[in-house]
Protein chains: 2
Amino acid sequence: MVKIVIDAMGGDFAPAAQVGGAVEALRRDKDISVLLVGDEGKIREELAKGEYDSSRVEIVHAPEVITNDDIPTKAVRAKKNSSTVVSFNLLREGKADALVSSGATGAVLTAAVLLLGRIKGISRPALCPRIPNLRGTGTLLCDCGANVECKPVNLVHFAMMATAYAQAAFGMPSPKVGLLNNGTEDHKGDPMHQEANALLKKLSCIDYIGNVEGRDIMAGEADVVVADGFTGNIALKSVEGCGKAISGIMKQQFKKNIFTKLRAALVYDVIKNIRNAADYEKMGGAMFLGLKKAVVKAHGNSRANGFSICVRQAADAVRGGMVEKIQKMLEETAQAEEGAEEGAPAGAENA
Amino acid sequence: MVKIVIDAMGGDFAPAAQVGGAVEALRRDKDISVLLVGDEGKIREELAKGEYDSSRVEIVHAPEVITNDDIPTKAVRAKKNSSTVVSFNLLREGKADALVSSGATGAVLTAAVLLLGRIKGISRPALCPRIPNLRGTGTLLCDCGANVECKPVNLVHFAMMATAYAQAAFGMPSPKVGLLNNGTEDHKGDPMHQEANALLKKLSCIDYIGNVEGRDIMAGEADVVVADGFTGNIALKSVEGCGKAISGIMKQQFKKNIFTKLRAALVYDVIKNIRNAADYEKMGGAMFLGLKKAVVKAHGNSRANGFSICVRQAADAVRGGMVEKIQKMLEETAQAEEGAEEGAPAGAENA
């Protein structure tokens, strides 16, 4: 049984989306139990709206909410009874295996690092959303905003962590990894990207395919696209904006007049399938990688269905041993580097 | 009469696309004349395929071609008889007012800087494509690849140049300018973006609306989006890739089986309108801004129709006085800065 802490109070539709999503996840996956953290009265009110397996639900009362207007570091220290702080404390104390929150991103990231803590060896945890692609497999984009300025070694860690995530949660034995750059050739990008590309090439624990371009993200040639947080954020939002614009253009054209509207009804199912194939909510939330346990940041505007996908995503990451895989990769890489360093002077002596 | 040099030999469909595009532009705009530069025999062959106003067409024989495999700086120096080098020499000598090329980007950019030259005061010319947006007005994205590493002052110049371009070629009296960043707040981005944002706020010759995000590019809230060349390149290609992926998904869904195919036929015109509204080729080429004359880089895979849009785009920029507007903005900004500097010591004396 995988136990998931649900931060039930953040986001636009709290706690209806979170409680509804948790109940939906319990219904679909019999091997999950949840710990709902938030205003107990409101949570019970939402729970009363439907049926659920009460043996797999616990409630922890935490009435305070951290909003987008709060300064994250201050709020995490001051609002001790907020659902976010209480959730991460429960996770740290071993009361659960993973956490899902649609609370304010800054607060979730801060609480995760301060209260739960990073995996030893990872200095920069990273946000890793999953983007719809043409192949239908989803592309992991890591980092997309947690780290504005990065060093090459951070990008190496992003590649390892997202690889472990793809293996654990999406059953990809050997996910292809690309580095987001302004061209595919090795000389492309600034010195940071050139060095990151060189380091990634040497890494034996990932399947690195080299530099990729913005257009490759949704083509799905790479399963994992590694980026510094600034560039990843721009790419993610550019893609989101493009999807929204094309969806808007489709609406404009199909709602132009009575004739187009009538014909839109004839292809309603096809349009719905197109929307589904390009739907972000179906891709789940962003995994916050590099922490001691699996933490999924759901969209702030998630509804119950979207939130339930995030809950199952967290459970899959736990079952697949994501955190352990990351730790193992770090250890093996450190050993390989030590081996290489030990080898070097010996070679020098022989010369 | 605006005279445009056509580099007829670069790109995937040369010289058919270029000659066909030039002829199409001549037909649509009676105030354009063209100088076709390339293999004379092949150009005449293409010209013979249709009717055209021969009084507005000249041919200059230049049989060599610079390809994507050539090293730009070497090729521009070595291939003196290439269509690209001859075209830029004609432009510099005053034989024409503007130039359109779909040749290798690196070679076009290099030839433009070495042979035509930059506007005084502009150290970094920038590539500025036009991206379809939801409002149907097109968003100018500047820079999108000519300058991988930028200083804040470069981004200030990009803002001025793209503003002048929007005013001259698209009749926008006061285009709204945004800075592409990973959030809208002033503290967002790395120090370079923070400083660029601060400088842009002080600039009186543009209508600056502050930081914008990737999703705003296609929403069309800003008419001009300024970016360092690395980020702009990622954004442009991410958006292109997303458009391509959604187009692919639409195809998959409408071609799924005989029933969806039949119904696709019923909404054929609507799908065509959607495609047109999101079509890059309809947006023309990328203006290479900061040079002494208007230079348009057409897509390498442009067909005659797309190329003809680029030719008219170049003519509009000349008629609207794009280069003169950029020069005027630079002068006025320099004067304002001098005034501010002169004012400072006077104030200090009074203190």
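Please read these numbers as outputs of a predicted model, since none were measured by experiment.

### Examining the sheet that holds strand β3 (residues 57-61) of chain A
Residue and element names in this part refer to chain A.
- Within the open sheet, the seven strands sit side by side as β3-β2-β1-β4-β12-β11-β5. Their pairing is mixed. Each edge of the open sheet is held by one strand with a lone partner, namely β3 and β5 (126-128). On average, each strand axis in the sheet is tilted by 25° relative to the strand beside it, whichever way the strands run.
- Packing of helix α2 (residues 40-47) onto the sheet brings it into contact with β2 (32-38) and β3, and relative to β3 it is tilted by some 150°.

### With respect to the confidence of the model for chain A
All names here are of chain A.
- Taken over all residues, the pLDDT of chain A has a mean of 92, while the share at 70 or more is 97%.
- Confidence drops under pLDDT 50 across residues 345-351; counting only partners more than four residues distant or on other chains, this segment forms zero contacts.
- Across the interfaces of the predicted complex, the ipTM metric reaches 0.87, alongside a pTM of 0.90.

### Focus on the sheet that holds strand β5 (residues 126-128) of chain B
Residue and element names in this part refer to chain B.
- Ordered in space as β3-β2-β1-β4-β12-β11-β5, the seven strands form an open sheet in which the pairing is mixed. Whereas interior strands pair on both sides, the edge strands pair on one side only; in this sheet they are β3 (57-61) and β5. Ignoring strand direction, the axes of neighbouring strands in this sheet form an average angle of 25°.
- As paired strands, β5 and strand β11 (residues 286-289) are joined by three bridges and run antiparallel to one another. Bridge pairing links Ala126 to Leu289 in β11.
- Relative to the sheet, helix α1 (residues 16-28) contacts β1 (2-7), β2 (32-38) and β3, its axis offset from that of β2 by approximately 170°.
- Docked against the sheet, helix α2 (residues 40-47) engages β2 and β3, running at close to 150° with respect to β3.

### Re the nonpolar core
- Judged by nonpolar contacts, the single largest core of 108 residues is most densely connected at Phe88 and Val295 of chain A together with Phe88 and Val295 of chain B.
- Once residues lying within four places of it in the same chain are set aside, the contact partners of Val295 of chain B are Phe88, Leu91, Leu99, Val108, Leu116, Ala286, Met287 and Phe288 of chain B.
- By size, the runner-up hydrophobic cluster in this structure holds 64 residues, among which are Leu47, Ile122, Ala196 and Ala317 of chain B.

The rules behind these values
Residues numbered from 1 in each chain as written. Chains lettered and ligands numbered in written order. Predicted model: local features only at pLDDT ≥ 70, side-chain atom pairs only at ≥ 80, totals over all residues. Heavy atoms only, no water. Pairing = 2+ DSSP bridges. Helix = DSSP H or I, 4+ residues; strand = E, 2+ residues; numbered from the N terminus. Axes fitted to C-alpha atoms, helices over the stretch in contact; angles between N-to-C directions. Contact = heavy atoms within 4.5 Å. pLDDT = per-residue confidence, 0-100. Core = buried A, V, L, I, M, F, W, Y, C linked by side-chain atoms within 4.5 Å. Buried < 20%, exposed > 50% of the residue type's maximum accessible area, 1.4 Å probe, protein only.

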